[in-house]
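Below, each chain spelled out in residue letters.
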Amino acid sequence: MSDLNNTDLHEEPESSVTVIEKQAQRRIFKIIVIGDSNVGKTCLTYRFCSSKFPDKTEATIGVDFREKTVNVEGEQIKLQLWDTAGQERFRKSMVQHYYRNVHAIVFVYDVTKMSSFENMPGWICECDQHNLNRDIPRILVGNKCDEKEKIAVNTNLAQKFADSYNMPLFETSAKDDEKANHVDAIFMTLAHKLKNAKPMMPPYLTVQLGDNAQRRGLERASTEERNDSCSC
Ligand SMILES: Nc1nc2c(ncn2[C@@H]2O[C@H](COP(=O)(O)OP(=O)(O)OP(=O)(O)O)[C@@H](O)[C@H]2O)c(=O)[nH]1
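Everything in this summary refers to the structure shown in the same document.

Criteria and thresholds
Residues numbered from 1 in each chain as written. Predicted model: local features only at pLDDT ≥ 70, side-chain atom pairs only at ≥ 80, totals over all residues. Heavy atoms only, no water. Pairing = 2+ DSSP bridges. Helix = DSSP H or I, 4+ residues; strand = E, 2+ residues; numbered from the N terminus. Axes fitted to C-alpha atoms, helices over the stretch in contact; angles between N-to-C directions. Polar contact = N/O pair within 3.5 Å; in protein donor to acceptor, adjacent residues only side chain to side chain. Contact = heavy atoms within 4.5 Å. Disulfide = S-S within 2.5 Å. Near = heavy atom within 4 Å. Areas by Shrake-Rupley, 256 points an atom, 1.4 Å probe, with all protein chains shown as cover. 1 Å grid on protein atoms, 1.4 Å probe; cavity = no way out; pocket = protein on both sides within 12 Å on 5 of 7 lines; lining within 4 Å. Sits in = over half its atoms within 2 Å of the grid points. Nonpolar A, V, L, I, M, F, W, Y, C, P; charged D, E, K, R; others polar.

## Things to note about the sheet that holds strand E3 (residues 75-84)
- Here we have 6 strands laid out as an open sheet, ordered E2-E3-E1-E4-E5-E6, and mixed in their pairing. Taken across any chain shown, the strands that pair with only one partner, and hence form the sheet edges, are strand E2 (63-72) and strand E6 (169-171). Averaged over all neighbouring strand pairs, the angle between strand axes comes to 25°, with direction disregarded.
- Alignment of strand E4 (residues 104-110) against strand E5 (residues 138-143), held across 6 bridges, turns out to be parallel.

## Examining the side chain of Lys-195
- Secondary-structure assignment places Lys-195 in helix H7 (residues 180-196).
- Polar side-chain contacts of Lys-195 include one of 3.4 Å to the side chain of Glu-73.
- Dropping the residues within four chain positions of it, Lys-195 is found in contact with Arg-27, Phe-29, Val-72, Glu-73 and Glu-75.

## Considerations on the state of the cysteines
- If you walk through the whole model with that rule in mind, you get 0 disulfides.
- Cysteine Cys-145 shares no disulfide, and the gap to the nearest cysteine sulfur, in Cys-43, comes to 14 Å.

## Points about the site of the ligand
- Within the structure, the ligand sits among 21 residues, and Ser-37, Lys-41, Thr-60, Gly-86 and Asp-146 are positioned closest to it.
- Here an oxygen atom of the ligand sits 3.2 Å away from a polar atom, N or O, in the main chain of Val-39.
- Take Lys-175: an N or O atom from its main chain is 3.1 Å from an oxygen atom of the ligand.
- Notes on the ligand: free accessible area 650 Å², of which the protein chains cover 87%.
- When atoms are counted within 2 Å of each cavity's grid points, the one that captures over half of the ligand is the second largest pocket.
- Ranked by the residues each element gives to the shell around the ligand, the list is headed by helix H2 (residues 41-50), at 3 residues.
- In terms of residue class, the shell around the ligand is made up of 6 nonpolar, 9 polar and 6 charged.

Spelled out as structure tokens, the structure:
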């Protein structure tokens, strides 16, 4: 006679339908990575998603996507990194669509190039102009710290700037293998913030809603935020 209380009954492998359902419900967070050309946006996202420094990179045209599923406090969440072009001529193919339903922003500058840091307010302004909500998590990353002799952007200066925008500052290197854990920690910090943030819209809904629903949401957001737009 079979024992209905047998614990084995609870250890049956999940059916493929359950697994698919769980995957469909896995939360996806869209993170855009922004900054001047050549600051290392592609290398940072590649380092995080592929755990290595790319052999060679070419200027990004429009947007590149990289994804990584991470475990945050027992929940599997997918980080979708949108690596945007820094060169103006390659940003022309970036349409409004890319700025929809963004959950977090990573602003990157090159610590060896002052102009890339000085251009940060412009990048922040661009996000404002695309109606990105100011309340979503944003972080500032100074890349290429391995180039110690060439450092041009002082940490205190960068920290003051980050504080003025209420963003955490991370100085790191996508190239330095010893800093690999540090790059991971940066994105994991963001993942924790995203997991625990009160959702404006459940992230998995953002990929299920049709284009029209997304457009309506965006139009509503632009009407609400029009009076609060950037003045630069
Ligand atoms: N020394 C050093 N070089 C780096 C680092 N990260 C990237 N680079 C180099 O910087 C150059 C530009 O890197 P990318 O990642 O392509 O820069 P990007 O910001 O994505 O550039 P765009 O696609 O034009 O916007 C490449 O030659 C990389 O090898 C770093 O941490 N240290």
